[in-house]
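# Topology and contacts: notes
Listed here are the chains, written in short residue letters.
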Amino acid sequence: MNDRRVVIADDDPDIRGLIRISCRKAGLTVVAETADGDDALAAILRERPELAILDVSMPGMSGLQVCRHLREDDSLAEVRILLLSAAVDEHSIRAGLEAGANDYLAKPFSPRQLAVSLAEQWATLP
Amino acid sequence: MIGLFRRLFGLLSVDHPSPSLKQSPTVVALAVSLLLIVSVPDLNVTNPVRLFVGIGMILAATAIAAYMTRHPELERWVVLVPVIDVFAVGAFRVGTGGSTSIFTGMMILPLLWIAAEKSRWHIALAAISSSMALLLPYAFGTLVLHSAGELIRGFYSPLVFAFMAAVVNELARQARVQLGAVKALAEERAETLSRTMEYAAQLEEGEARLRAADRMFRGLWSAVTEQAVIGTDETGLIDAWNPGATKMLGISRREAEGRRYVFDFHVAQELEDRARELNYPPGATVLNPGFSALVESARLGSAESREWDYVREDGTILPVSLSVTARTDEEGEIIGYLFVAHDVTKEREVARLKDEFVGLISHELRTPLSSILGYLELLRDEDDNPLSPEQLQYLGVAERNAHRLLRLVGDLLFTAQVESGKFPLDLTEVPLAGIVTAAIESAGPTAAAAGVSLVDELPEGPVVVIGDPVRLGQSCDNLISNALKFTPRGGSVSVSLTATPTEALITVRDTGLGIAASELDQLFSRFFRATTATRNAVPGVGLGLTITKAIVTAHQGRMEVESEEGVGTCFTIRLPLAPVGAGALR
C-alpha cells in the first residue's frame, strides 16, 4: 500500500494535520504539504501522486484553478482530486465537479469518515 | 366721479324736481304780476275779491307742494298742485280785467307742469282744466259775455294749450325715455366697472399666489442637488435639468436642455436587454426601443423604480436607482416623462461588503470549527490511550457546543442568503410523512432528555408537495426544537401531518410557556426573542423562525401561529399540494 502517494494543500496547518492523520489511517503516504495553490501545482507536477487533496480557497491559485490546470494535462489524468471547502451549497459543489474534481468534501469533516472513505476507494481501485 | 355725474344728472332730471321746485315759476310769476299791478297805474284791479282768491289759491297750492315735497309717498296726487294753479290764474285773470287781463299767459306755467307729467291723459287734463278756468267765470255770472269772440277764446285758448301740452308731454316722454336709457347705461357701466375692479383684484391675488408657488418651486428645484431630476418630452428630448443632474452627470443645464436625449446617458446594452426582457419585437416601437423600455411602466401608468447605470459625460459609469413617472397635460395625455435618480454607489458597496462579510464568516468560522471538531474526534478515537468515562463526558460537552456554534454559523449564512435573494431551492417531489418522521426521530433524544413526550399523528395516504427536502426538513426541525425548548418537563409536543384538498398542513403543538399576544406580530423578525424566552433563559438567538418562514414562503406556503401564555403554542405550516401526476419534475 506504500505506493499510494498523496499531496495535501490547505492554508490552515491544523486542517492539513487532520488530513495527514486521516491519510495515514487510510494507509496513504503524504509526499508533500503546501499552504497555497501555486506550490500545490508545482508539488503535484513534481511528485505525480495518486491523489491530491485541495482546499478551494487558498492564497495564490484556488483549488478550482489548480484542478483545471491538472485536467488540461493528459499525462496527469490518473491523479484523483478531492476538493475541500467550507462552501456547501449546490452551486459551489457543481463548480468543483465541473472543474474536474473526483469528489467534493465539505468542512467541517469527520477525519474518521475521511479515513474510511479513502481506504474504501483505494481498496476498490486496481 | 360716478357719484358726481349722478348728482348732476339728478338735478336735470324731469322726474326728480320736487313739487316745490316745479311750483316756484308760478310763485315767481305771481310775485312779478303783483309788482306790476302795484307799480303800473294803467293796470286796473277790476275785482279785488277774485284777485285775492287767486293769490290765496296759489299760496295754498304752494303750501300743498311744500307738504308733498316732504312726503314723497303722496306723489300720485302731485298734479293737484298745478290744477289748483290753473284755477287760481283763472281767478286772478277775472280780478285783473277778465278777457282784457294781461295775466292770462301766466296759466302756461302750471299747464306746462301738467303736460310734462307722465301719461297722456294729462294732455286732456291740461285742456279741460284751462278751459274750465277760462269759462267758469261766465257760468257763475262773474263775467258777462260781451261778444262771441270771448266765448270762442274760452275754447280756443285751451285748444292751443292742449296742443302745447301734447307737444310738451311728448317731449317730456322722449326725454324720460332717453333719460331712462342713459340711466340704465350708466348703471350698467358702473356695474361693469365694479366687476372689472373685482376681477382685477382677483387676478392680482392669483398672480401673487403663482409668484409664491414659482419661488417655492425654483427653490426646491435648486435645493435638490443630490438627486438628478430630468424632464423630457415624449421622445426623450431633455427639457428640464436640475443642479443635481449637472452634479451627477457633469454637463450644464444649457448643454442638456433641448440638445440631448435622456437615453444618451444610459448604457445602450442595458436598454437593449430591458427591451428584450419586455419582449419588444424588433421595430415594434416608433421611438428608440431602448427609450420605450426605459419608460414602459410609466407609460402604462405606474411609477417605476429600478436600478440602472448612468454614463457620465466623461464616460465613467454611475449606478443609480431611477424612478420614472409620466408627465401629463390637462386632458391626462402623456406629454413627457420625469426621471429622478439617486446615486446607489454606496448601497452597492455596502451590499458587496455584506456578501464579502458573509463569505468571510462562513470561511473563517467554519475552518477553526473544522479543526476543533476534527481533533475532538481524533481524541475520542484514541485507541492507544483510551479516555476515562469522565474525560469522554467532558469531550461530549465540547463537541456539543462546537456543533451548536456550527449550526449558528449555518443559520446566519442562510439568513444572509435569504436577504440577498440568493436562496437556492433544489425542487423535487417530497413525501412529507418521511420528512416529519425524520424530524421527530432526530429530536427524540433531546425530548427524552428534557422529559417531554413527543407524539406524532400521520395520515394513512401519502401527502406530497413540490419542494426542497433538505429545507423542508430544516423547517420541521426548527419548529420541533423550538417546541421542545419552550415546554417544561412533563409537557408534551405533538406533530401532525394532515391534508386539505389543496394544502398540506404540518402542525407542531406544545404545552409550553406560550407567547404574549402583543409579540405574535414580531415573532418572525430576525433576532426577535419572545419575553417568555428571555425570562426563562431559553437558549437561542432568534433566527429559527425567520429561517423557517423564509423557507415556507419560498415554497409558496404560509405560516400560522396561535398561542396562549402559560397554555401552549401551535405553529402550522401550510404548503400547496403537488399537482397529481407531477412526475415530470423528477
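Look a little higher up for the structure.
Residues numbered from 1 in each chain as written. Chains lettered and ligands numbered in written order. Predicted model: local features only at pLDDT ≥ 70, side-chain atom pairs only at ≥ 80, totals over all residues. Heavy atoms only, no water.

### A word on the packing of helix H3 (residues 48-70) of chain B against helix H4 (residues 80-95) of chain B
Residue and element names in this part refer to chain B. Operational definition: All axes here are fitted lines through C-alpha atoms, helices being fitted over the stretch that makes contact, and every angle between N-to-C directions spans 0 to 180 degrees. Strands here mean DSSP runs of E at least two residues long; helices mean DSSP runs of H or I at least four residues long; both are numbered from the N terminus. Here the angle decides the label: under 35 degrees means roughly parallel, over 145 means roughly antiparallel, 65 to 115 means roughly perpendicular, and every other value means oblique. For any helix crossing, the convention is left-handed if the near helix is rotated counterclockwise from the far helix by under a right angle, and right-handed if that rotation is clockwise. Contact definition: two residues touch when any of their heavy atoms are within 4.5 Å. Charged means Asp, Glu, Lys or Arg here, nonpolar means Ala, Val, Leu, Ile, Met, Phe, Trp, Tyr, Cys or Pro, and polar covers whatever is left, Gly included.
Running from amino to carboxyl end, H3 crosses H4 at an angle of 165 degrees, the nearest separation of the two axes being 7 Å. Considering their axes alone, H3 and H4 lie roughly antiparallel with respect to each other. Considering only the axes of H3 and H4, their crossing is left-handed. Across the interface between the two elements, Arg50, Leu51, Val53, Gly54, Ile55, Met57, Ile58, Ala61, Ile64, Ala65 and Met68 from H3 touch Val81, Ile84, Asp85, Phe87, Ala88, Ala91, Phe92, Val94 and Gly95 from H4. Tallied by class, residues from the contact of H3 with H4 come to 16 nonpolar, 2 polar and 2 charged.

### Notes on the pairing of strand S8 (residues 464-467) of chain B
Residues and elements named next belong to chain B. Here is the rule we go by: Three exposure classes are used, based on accessible area relative to the maximum for each residue type with a 1.4 Å probe and protein chains only: buried under 20%, partly exposed in between, and exposed over 50%. Here, a strand pair is defined by DSSP locating no fewer than two bridges between the strands.
Residues of S8 alternate between two faces, with Val465 and Gly467 buried on one and Val464 and Ile466 left unburied on the opposite face. As paired elements, strand S6 (residues 428-431) and S8 share 4 bridges and run antiparallel to each other. Counterpart to Val430 in the pairing with S8 is Val465.

### Quick look at the interface of chain B and chain A
It is common to report an interface's size as the accessible area lost on association of the parts. Selection criterion: Summed over both partners, the accessible area lost on bringing two parts together, with a 1.4 Å probe, is the buried area. In the sections that follow, a salt bridge refers to a side-chain nitrogen of Lys or Arg positioned within 4 Å of a carboxyl oxygen of Asp or Glu.
Chain B puts 15 residues into the contact, and the matching count from chain A is 18 residues. Summing both partners gives a buried area of about 1500 Å² for chain B against chain A, and 58% of it is carried by carbon and sulfur. At the boundary of chain B with chain A, the tally comes to 1 salt bridge. Sort the elements by how many residues they give to the side of chain B that touches chain A and helix H12 (residues 345-380) of chain B lands first, with 12 residues. When grouped by side-chain class, the residues that make up the side of chain B that touches chain A number 4 nonpolar, 6 polar and 5 charged.

### What to know about unusual backbone geometry
Following A:Lys107, the chain continues to A:Pro108 via a peptide bond in cis, the omega torsion being -5 degrees. Position of A:Pro108 relative to the elements: it lies in the loop between strand S5 (103-106) and helix H5 (111-124). In the Ramachandran plot, A:Arg48 falls in the positive-phi region, its phi being about 45 degrees despite a non-glycine side chain. Phi angles above zero are rare outside glycine, and B:Gln556 is one such case at about 60 degrees. Along the chain, B:Gln556 falls in the loop between helix H17 (544-554) and strand S11 (558-564).

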